[in-house]
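Spelled out, the chains give:
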Amino acid sequence: MSVLDLIKQENDIKRLDPNLLPQLAQEIREFLIEHISRTGGHLASNLGAVELTMALHLVLNFPEDKLIWDVGHQSYTHKILTGRKDGFEHLRQYGGMSGFPKRTESDCDCFDTGHSSTSISAGLGFARARDLKKEYHHVVSVIGDGALTGGLAWEALNNASELRTNFIIVLNDNKMSISENVGGLSKHLASLRTARDYQEFKSDVHSTLDRRPYGDRVARRIHNMKSSLKQLLIPGMIFENIGVTYLGPVSGHNLSDMVQILQEAKKVNGAVVVHVQTEKGRGYLPAEMNPDRFHGTGPFVIETGQPAKVKKKPDYTDVFSAVICKIAAKNENIVAMTAAMADGTGLKRFRNEYPDRFFDVGIAEGHAVTFAAGMAAAGLHPVFAVYSSFLQRGFDEVIHDVCIQNLPVIFAIDRAGLVGADGETHQGIMDLSYLSLIPNMTVMAPKNKWELADMLWFASRYDGPVAIRYPRGQAYDGLKKFRSPVVWGKSEWLYEESQVAVFAVGNMVERALKVRELLHEKGYSCSLINARFIKPVDGEAVEKAAENHRLIVTMEENLLHGGYGDAVGEYLEKLDKDISILRFGISDQFVPHGSVPELQKQVGLDPEDIAEKIAEVLR
């Protein structure tokens, strides 16, 4: 009989015969590989966290105890152990189970996550709330060594050092970046330092010395001697030195050792870091050999690990990758940086060709922006390649460090617009709004792959901040015959007719072509303008459209509030023209996970709905 079938709800794992736990771990891995090979998802990180999650479920009680996952892409085993195994049939699909923790899915998910470095801050909030409410449950935050590069994590650790009640921070180290120190001595120290007798002994010694002459001097010597011993034996001194207890390291695949150390961690009166070393992709050789490839994967063939569908055409990331290397070959001032996303943003090739001009700053987008600003002020021309929703973390730095000084930093904004299965935290639907409000910022969006190349060349010669946003997925290769030079602030008229003037932003141009075709079928003529520049708006193009058309339409895959349509509408208000404007974008909402076509339909951005609404207005 399958052990996994015995897990129906939270805490069922505690009822299993301990001898069955290794089999459960194996079955969970087989289950994850089988299902993710069909649906896609985060595989390597989840395979590495199986025993870690099982240990947490063995020592915690759900939903009373609170478990906060950093990012949450490694929470699949947690979902299985809390009774959501059947949800994996529709993982990350529209209307199905999320690939991240979701409070609406289960009482055992206490905090929604999706971005990095937040778990310690949130966990500390839960711990403080618990204490104020005079409750007594445990709070655990799980954070990876990659996420620990984020500044927010260290701000939280600094704050957590003041806590005098229990708060457990599990450091899931799957890169072994902290020096290895496993074995009997490490375990002995962990046990000794958390034992009640040891804690009481420390208190008694300090109380006795406080009552003796020269007691403070003796106490300092004991403290210094103890600190020297720790420096030699304990690899977690960086945590100890800021006032956070450190336990470990412990093998993240040794279930009994992890249960023991977590039980010890529960005794600490204060914040405690439990250092767990895991292997990303464990149990599936292709993922072990190439964990980056299986971090977030589409459907794949289990036997080989190869993608189920072979990519036939380049995507926008590929185009960016090739073009930025060509620009760098001609301009030695071009440097490139990423926030731990060299592969995802297409900078891996740049790193290989220009290693001295490539910089990975870790998961620290705010730092990356100011780092780029410093380089620009020193005479270089930096390119920061970043996902749209990740750049939100550097918003303040974009304003204060780049735009106020009008520095030539290029923001290559990948995954702009609807991205699909990762859901609310990853949809890039706000960048046009939050970037367009900043003085000195120029914002652009290409209609196809050739225009992306032209915009990158333009940006490399422009003396000021430029943001170029482009979507996830296959690069559109239509409209090749329309390739006029990129001129600052100027739109591109693709088709000039009458009645309706459609201004389309970036990847919406392809859909606008279909809208135009549908309007023709309904008997209406339609001009089509490629916006190109979201900021500044091409006022001359808007005025021309207002002169010769009954209706102006804007189309953008961005929130309507503060977007391109708002900017065009504001410009029209300055003109004394009797013309209406119809704006298509995303209403005031967060967009859930699903395929991009399904989400486009949900938010009203599919061509059929747009054409019908335009026709209604014209009628």
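Provided above is the structure to which this section pertains.
Rules used in this analysis
Residues numbered from 1 in each chain as written. Predicted model: local features only at pLDDT ≥ 70, side-chain atom pairs only at ≥ 80, totals over all residues. Heavy atoms only, no water. Phe/Tyr/Trp six-rings, centres within 6.5 Å; stacked < 30°, edge-to-face > 60°. Helix = DSSP H or I, 4+ residues; strand = E, 2+ residues; numbered from the N terminus. Buried < 20%, exposed > 50% of the residue type's maximum accessible area, 1.4 Å probe, protein only. Lys NZ or Arg CZ within 6 Å of the ring centre and 35° of its normal. Salt bridge = Lys/Arg side-chain N within 4 Å of Asp/Glu carboxyl O. Pairing = 2+ DSSP bridges. Axes fitted to C-alpha atoms, helices over the stretch in contact; angles between N-to-C directions. Contact = heavy atoms within 4.5 Å. Parallel < 35°, antiparallel > 145°, perpendicular 65-115°, else oblique. Nonpolar A, V, L, I, M, F, W, Y, C, P; charged D, E, K, R; others polar.

## Notes on the packing of aromatic side chains
Point 1. Inspection of every chain in the model, using the stated rule, returns 16 aromatic pairs.
Point 2. Their ring planes at 75° and their centres at 5.7 Å tell us that tyrosine 76 and phenylalanine 88 sit as a pair that is edge-to-face. Note that tyrosine 76 is positioned in helix H4 (residues 76-81) and phenylalanine 88 in the loop between H4 and helix H5 (119-132), a separation of 12 residues in sequence. Here tyrosine 76 and phenylalanine 88 have matching classes, each one buried.
Point 3. Where phenylalanine 239 meets tyrosine 246, the ring centres are 6.0 Å apart and the plane angle is 5°; that geometry is what we call stacked.
Point 4. Given the relative accessible area of 3%, phenylalanine 239 is considered buried.
Point 5. Of the residues examined, tyrosine 246 reaches a relative accessible area of 1% and is grouped as buried.
Point 6. Members of the aromatic cluster, each reached through a chain of ring pairs, are Phe31, Tyr76 and Phe88.
Point 7. Between the NZ or CZ atom of arginine 293 and the centre of the ring of phenylalanine 294, over which it lies, the distance is 4.5 Å.

## Notes on the pattern of salt bridges
Point 1. The tally for this structure, following the rule as stated, stands at 35 salt bridges.
Point 2. Measuring nitrogen to oxygen at the nearest pair gives 2.8 Å for the salt bridge that ties glutamate 105 to lysine 79. Here glutamate 105, found in the loop between H4 and H5, pairs with lysine 79, found in helix H4; they are 26 residues apart in sequence, far enough to count as distant.
Point 3. Judged by its relative accessible area of 27%, glutamate 105 is partly exposed.
Point 4. Relative accessible area serves as the criterion here: at 0%, lysine 79 is assigned to the buried category.
Point 5. Notably, a salt bridge pairs lysine 522 with glutamate 612, separated by 3.0 Å at the nearest N-O pair. Of this pair, lysine 522 sits in the loop between helix H21 (508-521) and strand S14 (526-530) while glutamate 612 sits in helix H25 (residues 607-618), and the two are 90 residues apart along the sequence.

## A short note on the sheet that holds strand S9 (residues 410-414)
Point 1. Pairing is mixed in the open sheet, where seven strands are placed in the order S7-S6-S8-S9-S11-S10-S15. The sheet terminates laterally at strand S7 (358-360) and strand S15 (533-535), the two strands that pair on one side only. Each strand axis lies, on average, 20° off the axis of its neighbour in the sheet, ignoring direction.
Point 2. Pairing between strand S10 (residues 442-444) and strand S11 (residues 466-469): three bridges, direction parallel. Looking at the pairing, threonine 442 lines up with valine 466 of S11.
Point 3. Those strands touched by helix H16 (residues 365-377) are strand S6 (334-338), S7, strand S8 (381-387) and S9, and its axis lies near 165° from that of S8.

## Here we look at unusual backbone geometry
Point 1. Note that the residue after glycine 248, namely proline 249, is joined by a cis bond; omega there is 0°.
Point 2. Its location among the elements puts proline 249 in strand S4 (residues 245-251).
Point 3. For the peptide bond that leads from lysine 535 to proline 536, omega is 5°, which places it in the cis range.
Point 4. Here proline 536 is to be found in the loop between S15 and helix H22 (539-548).
Point 5. Notably, asparagine 440 is not glycine yet its phi reads approximately 75°, a positive angle.
Point 6. Position of asparagine 440 relative to the elements: it lies in the loop between helix H19 (431-436) and S10.
Point 7. Residue leucine 479 is not a glycine yet carries a positive backbone phi of 60°.
Point 8. In this fold, leucine 479 is placed in the loop between S11 and strand S12 (492-495).

## Digging into the side chain of aspartate 12
Point 1. Position of aspartate 12 relative to the elements: it lies in the segment before helix H1 (21-39).
Point 2. With a relative accessible area of 9%, aspartate 12 lands in the buried category.
Point 3. In this structure aspartate 12 touches Leu6 and Ile7, once residues within four positions along its chain are discounted.

## Things to note about the packing of H5 against helix H6 (residues 151-160)
The description of two helices packed together rests on the angle between their axes and the distance between the axes.
Point 1. Between H5 and H6, the shortest axis-to-axis distance is 7 Å and the interhelical angle comes to 30°. Judged by the angle between their axes, H5 and H6 are roughly parallel. Two secondary-structure elements touch here, H5 through Ile120, Ser121 and Leu124 and H6 through Leu152, Ala153, Ala156, Leu157, Asn159 and Ala160.
Point 2. When its residues are assigned to classes, the contact of H5 with H6 shows seven nonpolar, two polar and no charged.

Any link to function would need more than the numbers given here.
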